[in-house]
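Residues per chain, in single letters:
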2 protein chains.
Amino acid sequence: MKKIINNPSDFVEESIAGLIKSHPDVYALAKDNNRVVTRSSKASNKVGIVTGGGSGHLPVFTGYIGKGFLDACAIGSVFASPSVDQMVSAIKNADNGNGVLCVIGNYGGDVMNFEMACEMVEADGVKTKKIIVADDIASASEEEKSKRRGIAGMIFIFKIAGAKAESGASLDEVFNTANEANENIRTLGVALSPCILPEAGKPTFEINDDEIEIGMGIHGEPGIKREKLKSANDLVDDLYERIIKDSKLKSGDNIAVMVNSLGATPLEELYIVSKKLNENLEKSNIKNNKTYVGRYATSMEMAGMSITTLKLNDNLKEMLLSDSHCPFWSN
Amino acid sequence: MKKIINNPSDFVEESIAGLIKSHPDVYALAKDNNRVVTRSSKASNKVGIVTGGGSGHLPVFTGYIGKGFLDACAIGSVFASPSVDQMVSAIKNADNGNGVLCVIGNYGGDVMNFEMACEMVEADGVKTKKIIVADDIASASEEEKSKRRGIAGMIFIFKIAGAKAESGASLDEVFNTANEANENIRTLGVALSPCILPEAGKPTFEINDDEIEIGMGIHGEPGIKREKLKSANDLVDDLYERIIKDSKLKSGDNIAVMVNSLGATPLEELYIVSKKLNENLEKSNIKNNKTYVGRYATSMEMAGMSITTLKLNDNLKEMLLSDSHCPFWSN
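The shown structure was predicted, so the numbers you read here are calculated from the model rather than taken from an experiment.

Novice: Give me the interface of chain B and chain A: which residues, what numbers.
Specialist: Taken together, the 58 residues of chain B in the interface contact 58 residues of chain A. Both sides together, the interface formed by chain B and chain A hides about 4800 Å², and carbon and sulfur atoms give 61% of it. Along the contact surface separating chain B from chain A lie three salt bridges. One salt bridge connects K3(B) with E269(A), and the closest N-O pair in it is separated by 4.0 Å. For the interface between chain B and chain A, the tally reads 26 residue pairs in polar contact (both at pLDDT 80 or more). Mapped onto the side of chain B that touches chain A, the elements with two or more residues apiece are α1 (11-22), α6 (232-247), α7 (267-283) and β11 (287-294) of chain B. Sorting elements by how many residues they give to the side of chain B that touches chain A places α7(B) first, with eleven residues. Residues belonging to the side of chain B that touches chain A are distributed by class as follows: 26 nonpolar, 18 polar and 14 charged.

Novice: Provide a residue-level description of the sheet that holds strand β6 (residues 128-133) of chain A, including the pertinent values.
Specialist: Strand pairing within a sheet occurs via backbone hydrogen bonds; the two strands may be parallel or antiparallel. All names here are of chain A. Spatial ordering of the open sheet is given by β1-β2-β4-β3-β5-β6, a layout of six strands whose pairing is mixed. Either end of the sheet is taken by a strand with one partner, and the two such strands are β1 (27-29) and β6. Within the sheet, the average angular offset between the axes of one strand and its neighbour, ignoring direction, is 25 degrees. Here three bridges tie strand β3 (residues 48-55) to strand β5 (residues 100-105), and the two strands are oriented parallel to one another. Note on β5: the bridge partner recorded for G48 is V100. Against the sheet, helix α2 (residues 84-94) touches β2 (36-39), β3, β4 (72-78), β5 and β6, its axis set at about 160 degrees to β4.

Novice: Requested: an account of the pattern of salt bridges, with residues and values cited.
Specialist: A side chain with one charge may pair with a side chain of the opposite charge, provided their charged atoms come close. Residue and element names in this part refer to chain B. Tallied over the entire structure, the rule returns 51 salt bridges over all chains. D210 serves as the salt-bridge partner of K228, at 2.8 Å between the closest nitrogen and oxygen. Residue K228 is located in strand β9 (residues 225-228), and its partner D210 is located in the loop between β7 (185-193) and β8 (211-214); the two are separated by 18 residues in the primary sequence. With relative accessibility at 52%, the residue K228 sits in the exposed group.

Novice: Explain α6(B) residue by residue, including any values.
Specialist: Residue and element names in this part refer to chain B. In a regular helix each residue adds 1.5 Å, so 16 residues correspond to 22 Å; α6 covers 22 Å between its end C-alpha atoms and thus fits that length. Of the positions making up α6, those classed as buried are A232, L235, V236, D238, L239, Y240, I243, I244, D246 and S247. Following α6 by one or two positions, K248 adopts a phi angle in the positive range, close to 60 degrees.

Novice: Outline empty space enclosed by the protein, supporting the account with residue identities and numerical values.
Specialist: Taken as a whole and judged by the stated rule, the model has four cavities of 30 Å³ or more. In this structure, the largest cavity spans a volume of roughly 140 Å³. Elements represented by at least two residues in the lining of the largest cavity include exactly α1 (11-22), β3 and β4 of chain A. Grouping the constituent residues of the lining of the largest cavity by class yields nine nonpolar, seven polar and one charged. Estimated volume of the second largest cavity: approximately 120 Å³. Those elements that provide at least two residues to the lining of the second largest cavity are α1, β3 (48-55) and β4 (72-78) of chain B. If one sorts the elements of the lining of the second largest cavity by residue count, α1(B) sits on top with four residues. Partitioning the lining of the second largest cavity into residue classes produces nine nonpolar, seven polar and one charged.

Novice: Account for the sheet that holds strand β12 (residues 303-311) of chain A, with residues named and values stated.
Specialist: Residues and elements named next belong to chain A. Read from one edge to the other, the open sheet built from six strands follows the order β9-β8-β7-β12-β10-β11, with strand pairing classed as mixed. Each end of this open sheet is capped by a strand with a single partner; those strands are β9 (225-228) and β11 (287-294). Sheet twist, expressed as the mean angle between neighbouring strand axes with direction ignored, is 15 degrees. One ladder, built from seven bridges, connects strand β10 (residues 254-261) with β12; its direction is antiparallel.

Novice: Kindly report on the nonpolar core, identifying the contributing residues and their values.
Specialist: Proteins that are soluble and globular tend to have nonpolar side chains buried together. Y64(A), L101(A), W329(A), Y64(B), L101(B) and W329(B) are the most contacted members of the largest nonpolar core, which totals 194 residues. Ignoring any residue separated from it by four or fewer positions in sequence, one finds W329(A) in contact with Y64(A), F69(A), I155(A), F156(A), K159(A), M258(A), Y292(A), Y296(A), L320(A), S324(A) and S330(B).

Novice: So what about the packing of helix α6 (residues 232-247) of chain A against helix α7 (residues 267-283) of chain A? Which residues, and what values?
Specialist: All names here are of chain A. Where α6 meets α7, the closest approach of the two axes is 9 Å, and the angle between their N-to-C directions is 50 degrees. Relative to α7, the element α6 lies oblique. Our pair here, α6 against α7, has a crossing hand that is right-handed. Contacts from A232, N233, V236, D237 and Y240 in α6 reach I272, V273, K276, L277, N280 and L281 in α7. Residue composition of the contact of α6 with α7, by class: seven nonpolar, two polar and two charged.

Novice: Before we move on, could you go through the domain arrangement of chain A and cite the residues and values that matter?
Specialist: Residue and element names in this part refer to chain A. In terms of domain boundaries, chain A breaks down into domain 1 (8-183) and domain 2 (186-321). In this complex, domain 1 contributes 33 residues to the contact, which on the side of domain 2 involves 39 residues. At the boundary of domain 1 with domain 2, total buried surface from both sides reaches about 3000 Å², with 65% on carbon and sulfur atoms. Among the residues of domain 1 in contact with domain 2, F79, I137 and F156 are the three that bury the most area, contributing 23% of the side total.

Novice: Quick one: what's the story with the relation of the copies chain B and chain A, residue by residue and with numbers?
Specialist: Expressed as a screw transformation, the operator carrying chain B onto chain A has a rotation angle of 180 degrees and an axial translation of 0.0 Å, and the superposed copies differ by an RMSD of 0.0 Å. In symmetry terms, the pair is related by a two-fold rotation axis. Minimal C-alpha separation from the rotation axis in chain B is found for A264(B), amounting to 2.1 Å. When you check the interface residues of chain B against chain A, 100% turn up at the interface there too, and the contact is symmetric in its surfaces.

Novice: How would you explain the pairing of strand β12 (residues 303-311) of chain B if you had to name every residue and give the values?
Specialist: Residue and element names in this part refer to chain B. β12 sits mainly inside the fold: eight of its nine residues count as buried. With eight bridges connecting them, β7 and β12 associate as antiparallel partners. Opposite I185, over in β12, you have L310 as the bridge partner.

Novice: Summarise the side chain of R35(B); cite the residues concerned and give the values.
Specialist: Residue and element names in this part refer to chain B. Looking at the secondary structure, you find R35 in the loop between β1 (27-29) and β2 (36-39). Residue class for R35 comes out buried when judged on its relative accessible area of 12%. A distance of 3.4 Å separates the side chain of R35 from the backbone oxygen of G76, its partner in a polar contact. Here R35 is in contact with V12, E13, I16, C73, A74, I75, G76, S77 and Q86, once residues within four sequence places are set aside.

Rules behind the numbers
- In this numbering scheme, every chain counts its residues from 1 along its sequence in written order.
- For naming, the first written chain is A and the first written ligand is 1, with later ones following in the order written.
- The model is predicted, so local features are restricted to residues of pLDDT at least 70 and side-chain atom pairs to those at 80 or more, both for listing and for counting; the totals for chains, interfaces and linings are taken over all residues.
- Side-chain metrics rest on all non-hydrogen atoms present in the structure, leaving aside hydrogens and water.
- Throughout, a contact is declared for two residues whenever any of their heavy atoms are within 4.5 Å.
- Summed over both partners, the accessible area lost on bringing two parts together, with a 1.4 Å probe, is the buried area.
- The salt bridge definition used is simple: a Lys or Arg side-chain nitrogen within 4 Å of an Asp or Glu carboxyl oxygen.
- Any pair of nitrogen or oxygen atoms within 3.5 Å is treated as a polar contact; in protein, a donor-acceptor pairing is required on top of that, and neighbouring residues in sequence qualify only through side-chain atoms on both sides.
- By definition, any uninterrupted DSSP run of H or I lasting at least four residues is a helix, any uninterrupted run of E lasting at least two residues is a strand, and each is numbered from the N terminus.
- Side-chain classes are defined by residue name, with Ala, Val, Leu, Ile, Met, Phe, Trp, Tyr, Cys and Pro counting as nonpolar, Asp, Glu, Lys and Arg as charged, and the others, Gly among them, as polar.
- Note on pairing: DSSP must find at least two bridges between two strands before they are called paired.
- Lines are fitted to the C-alpha atoms to define the axes, a helix being fitted only along its stretch in contact, and any angle between axes, read from their N-to-C directions, falls within 0 to 180 degrees.
- The cut-offs for exposure are 20% and 50% of the maximum accessible area for each residue type, with area from a 1.4 Å probe on protein chains only; residues under the lower value are buried, those over the upper are exposed, and the others partly exposed.
- Expected helix span is taken as 1.5 Å per residue step, with the number of steps being one fewer than the number of residues.
- Cavity: a set of points on a 1 Å grid over the protein atoms alone where a 1.4 Å probe fits but cannot get out. Pocket: an open set with protein on both sides within 12 Å along at least five of seven lines, its lining residues, like those of a cavity, having an atom within 4 Å of a point.
- Grid points are joined across faces, edges and corners, and a volume is the space filled by probe spheres set on the points.
- Residues grouped as a nonpolar core are buried Ala, Val, Leu, Ile, Met, Phe, Trp, Tyr and Cys residues, joined through side-chain atoms within 4.5 Å.
- In these notes the angle categories are as follows: under 35 degrees is roughly parallel, over 145 is roughly antiparallel, 65 to 115 is roughly perpendicular, and the rest is oblique.
- The sense of a crossing depends on the near helix, which, turned anticlockwise from the far helix by less than a right angle, makes the crossing left-handed and, turned clockwise, makes it right-handed.
- Domain segmentation is taken from an automatic or database assignment of domains.
- Alignment of the copies relies on least squares applied to C-alpha atoms, considering only residues that score at least 70 for pLDDT in both.

In structure tokens:
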């Protein structure tokens, strides 16, 4: 295991401390919990936006705190859910009397703990609503959409919910806009190589040198199929057809897309993917309003990438493209 | 070789085409050369800023085109210098009658070809000046500074020269500011694992599973020493001492720092590095004005990182922190 770390058991705390030390104008550690990060300056008159989840996915989740994005985040150990207490702290730190929207990736522990946390803070008078992001079309059929996992599409929800909250909208309005975005997001990815968990020192899965796995989850959850490595164009065609079929995107629709690296896959490869993806969209006469290319949701040094589409209306487009301040987002 | 590519010989053209297709508001292909990228809207009344170099380092070089950054870039094959013709095209595309500053990484072919290109355009009436970036303290001693290679520190020069040009300064003024920054930059890196060249299909170098190489170049050029993997804190201390000694940074100085991943090394590890780096700076009473953490200058999927320090005065600080528009830079 070749990692630039100290004691593996300090991996999470040290990386959070480094994030805050590096960007003190954006992030701060919560006063009441060392696994909760908040904005450095608390917003005073808006709906709070909170998330939480396991470590090992930077910039997800904590990185997306900032003006026009999240207010607070509960941080679990590597690939592990945060505790209920951490989530309660994140929600209370984000609340300023206008209620809090929790944007949650659809993983068992995250959802269950956030449900308990929301009940607990409601008893203290904090109003909450929840969005469960389930954009990964590989993880369950359309009929069982509620079982789908949340992956890179989550960042579009962070951005849109964050922008809507910043505009002064009510909790119901922020929820409705985030929910509308959530209904219109689809992601499908491919894994090329595993990452190594710092404490275990072992790869998350094994895969042959000439194999890829379509739809594998960001923690190594089984995908749709394992097959021989193919060309970038054939791979994009495969993912594209599945996404279009599932999303029912059609000629004339407006969308935004994200081409996300799981970590090791370099920008050059992402842009080769983005070229073919944009060509396919042009052929389908689907109007791409904005392409995001980069490492938005990773699994440390895992190789692979995902494609996300978000169908836009005027409201979603305005929120997505609005100004924000976060080191991991370029407007 | 597990890469998401098509024909390896199309790697460069396809990744450029994807970059432009993904960000058509920022980049455009030059009309006269398919290996030259320009801004999508040519600036009309400022000094042009140009660079050029081999592919395989995104966002370096092409990615740093944008308002407040570069105007045009000549793009070589993977790890290979662009041709004189490509550089001539980049310079002419960037010129609008106010002269052009060429910011060049200190590699033999790049420097030689830019010198010839500058001579050729001067014959056509285009005034040019050159900054040779040589920030890598591992690649030659202080006495032989002019032999040092240019690595991640280059991006600080792109930003500062770009901002100065945008402010309406003359070619001499832009040169002087960029030159001042160049004198005050130091970078030192460490390599953990090689990248694989798409056409060759082979790793750029071999290194044992428990070894690192301090000061190895971004193309696998030999470094200062190869040694056993050590803790992040010990590694940062080693790099820090060498950088401070070389730069002569002292108590009370103002600086900015960059912690750059060579590609595969994830953000979590960079932030562990940044934590220790910032702690060392605090102990030395050196004032860090801004920390940049991310993949700013890569070698595809190479693992490793570098630390860059830039000593600031008021002018350099203002230029570094000024507004800009580039997908790979967050102000």
